[in-house]
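One letter stands for each residue in the lines below.
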Amino acid sequence: MLIKININVKELVYDIQNKTYLTGRSRSDGKNYRQVALMQANNDDENLNQILRSIGNAFAKVKAELAEVLTGHDTQGNNTLNISTESEELFLEMPENFNQAATDSIIAAIHQYIVAFATSEWFMITNKQDTEDYKRLSETSLELLRESLCKRTKPSRTTIND
């Protein structure tokens, strides 16, 4: 059974920017304006480049996790920024008894992992105190991905006439 996963990169970028904005706002003490502003990611070239690079690194990890079921992907590699700014597609060749109800969990786990991973990398540069929280969240999301990939349907009895 072939499952197509479409990850909207713009949604990832927005989610990362929103999390860094909200985290920055929550860290404001009324005096640390510059620190708060610097931890809030935006679309300036250097910010966006860092975010897209982190998203690309996270996608590489996702692809490694999905290697057993991932199909139809490039076999060449390089270190250029290869992430699309629109969307990324993944095709998963799942076993016949895969529980399709887990598809949404797979998509959510991939999204959550990429956002948390990229946010943790962003905060390694701009706000070290929140790095570990997002790193743990990324690891939890990766575990949810692994679990969701293993969901199966129960067998059903067929009759001879079927």
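Residues numbered from 1 in each chain as written. Predicted model: local features only at pLDDT ≥ 70, side-chain atom pairs only at ≥ 80, totals over all residues. Heavy atoms only, no water.

1. Some thoughts on the environment of Ala 60
Quick note on the threshold: Only DSSP runs of H or I reaching four residues or more are called helices, and only runs of E reaching two or more are called strands; each is numbered from the N terminus.
Locating Ala 60 in the fold gives a position in helix H3 (residues 45–65). For the pair Ala 60 and Asp 104, spaced 44 residues apart in sequence, the C-alpha separation works out to 20 Å.

2. Comments concerning the nonpolar core
When a protein is soluble and globular, its nonpolar side chains tend to lie buried together. As a reminder of what qualifies: Only buried residues count toward a nonpolar core. Its members are Ala, Val, Leu, Ile, Met, Phe, Trp, Tyr and Cys residues joined through side-chain atoms within 4.5 Å. Think of it in three bands: residues with accessible area under 20% of the maximum for their type are buried, residues over 50% are exposed, and the middle band is partly exposed, with areas taken using a 1.4 Å probe on protein chains only. By definition, residues are in contact when any of their heavy atoms lie within 4.5 Å.
Residues Ile 55, Leu 66, Leu 92, Ile 110 and Ile 114 are the most contacted members of the largest nonpolar core, which totals 37 residues. Mapped onto this core, the elements with two or more residues apiece are strand S1 (2–8), helix H1 (9–27), H3, strand S3 (87–93), helix H4 (103–126) and helix H5 (131–149). The residues touching Ile 114, leaving out its near neighbours within four places in the chain, are Leu 12, Ile 55, Ala 58, Phe 59 and Val 62.

3. So, the sheet that holds S3
Applicable threshold: One bridge is not enough; two strands pair if DSSP finds at least two bridges between them. Helix axes are fitted only over the stretch in contact, all axes being lines through C-alpha atoms; the angle between N-to-C directions runs from 0 to 180 degrees.
The three strands lie next to each other as S1-S3-S2, forming an open sheet whose pairing is antiparallel. At either end of the open sheet lies a strand with only one pairing partner, and these are S1 and strand S2 (70–71). Along the sheet, H1 contacts S1 and S3; its crossing angle with S1, the most-contacted strand, is approximately 50 degrees.

4. A look at the side chain of Asn 32
Stated precisely, the cut-off is as follows: Polar contact is the term for a pair of N or O atoms within 3.5 Å; when the atoms are in protein, one must be able to donate a hydrogen and the other to accept it, and sequence-neighboring residues count only if both atoms are side-chain atoms.
Residue placement: Asn 32 occurs in the loop between H1 and helix H2 (33–39). The buried category is assigned to Asn 32, whose relative accessible area is 14%. Within the structure, Asn 32 has its side chain in polar contact with the backbone oxygen of Arg 27 (distance 3.0 Å).

5. Looking at the environment of Gly 56
By the secondary structure assignment, Gly 56 is in helix H3. Sequence spacing of Gly 56 and Lys 19 is 37 residues, and the spatial spacing of their C-alpha atoms is 18 Å.

6. Things to note about the environment of Phe 91
You can see Phe 91 is positioned in strand S3. As for Phe 91 and Asn 6, which are separated by 85 residues in sequence, their C-alpha atoms are 8.8 Å apart. Setting aside chain neighbours within four positions, we find Phe 91 in contact with Leu 2, Ile 3, Lys 4, Val 69, Leu 70 and Thr 71.

7. Notes on the pairing of S1
Regular strands have side chains that alternate between both faces of the sheet. Burial along S1 is one-sided: the residues Ile 3, Ile 5 and Ile 7 are buried and none of Leu 2, Lys 4, Asn 6 and Asn 8 is. Both S1 and S3 contribute to a ladder of seven bridges, which runs antiparallel. Bridge pairing links Asn 8 to Ser 87 in S3.

8. Digging into the packing of H4 against H5
Rules: Roughly parallel covers angles under 35 degrees, roughly antiparallel covers those over 145, roughly perpendicular covers 65 to 115, and oblique covers all other angles. It is the rotation of the near helix from the far one that decides the hand of a crossing: anticlockwise by less than a right angle makes it left-handed, clockwise makes it right-handed. Amino acids outside the nonpolar list (Ala, Val, Leu, Ile, Met, Phe, Trp, Tyr, Cys, Pro) and the charged list (Asp, Glu, Lys, Arg) are all regarded as polar, and Gly is one of them.
The contact between H4 and H5 brings their axes to 8 Å, and the two run at 160 degrees. In this view, H4 runs roughly antiparallel relative to H5, as classed from their interaxial angle. In this structure, H4 meets H5 at a crossing whose hand is left-handed. Along the contact surface, H4 presents Ser 105, Ile 106, Ala 109, Ile 110, Gln 112, Tyr 113, Ala 116, Phe 117, Thr 119, Ser 120, Phe 123 and Met 124, while H5 presents Thr 131, Tyr 134, Lys 135, Leu 137, Ser 138, Ser 141, Leu 142, Leu 144, Leu 145, Ser 148 and Leu 149. A breakdown of the residues in the contact of H4 with H5 according to their chemical character gives 14 nonpolar, eight polar and one charged.

9. Focus on the packing of aromatic side chains
What counts here: Ring pairs are drawn from Phe, Tyr and Trp, using the six-membered ring of Trp, whenever the two centres fall within 6.5 Å, and their geometry is named by plane angle: stacked under 30 degrees, edge-to-face over 60, tilted for the rest.
Applying the stated rule across the entire model yields two aromatic pairs. Ring centres 5.7 Å apart and planes at 35 degrees place the aromatic pair Tyr 113 and Phe 117 in the tilted group. In this pair, Tyr 113 and Phe 117 are both assigned in helix H4, four residues apart and thus about one turn of the helix distant. Residue class for Tyr 113 comes out buried when judged on its relative accessible area of 5%.

Geometric descriptors of this kind do not, in isolation, establish any biological role.
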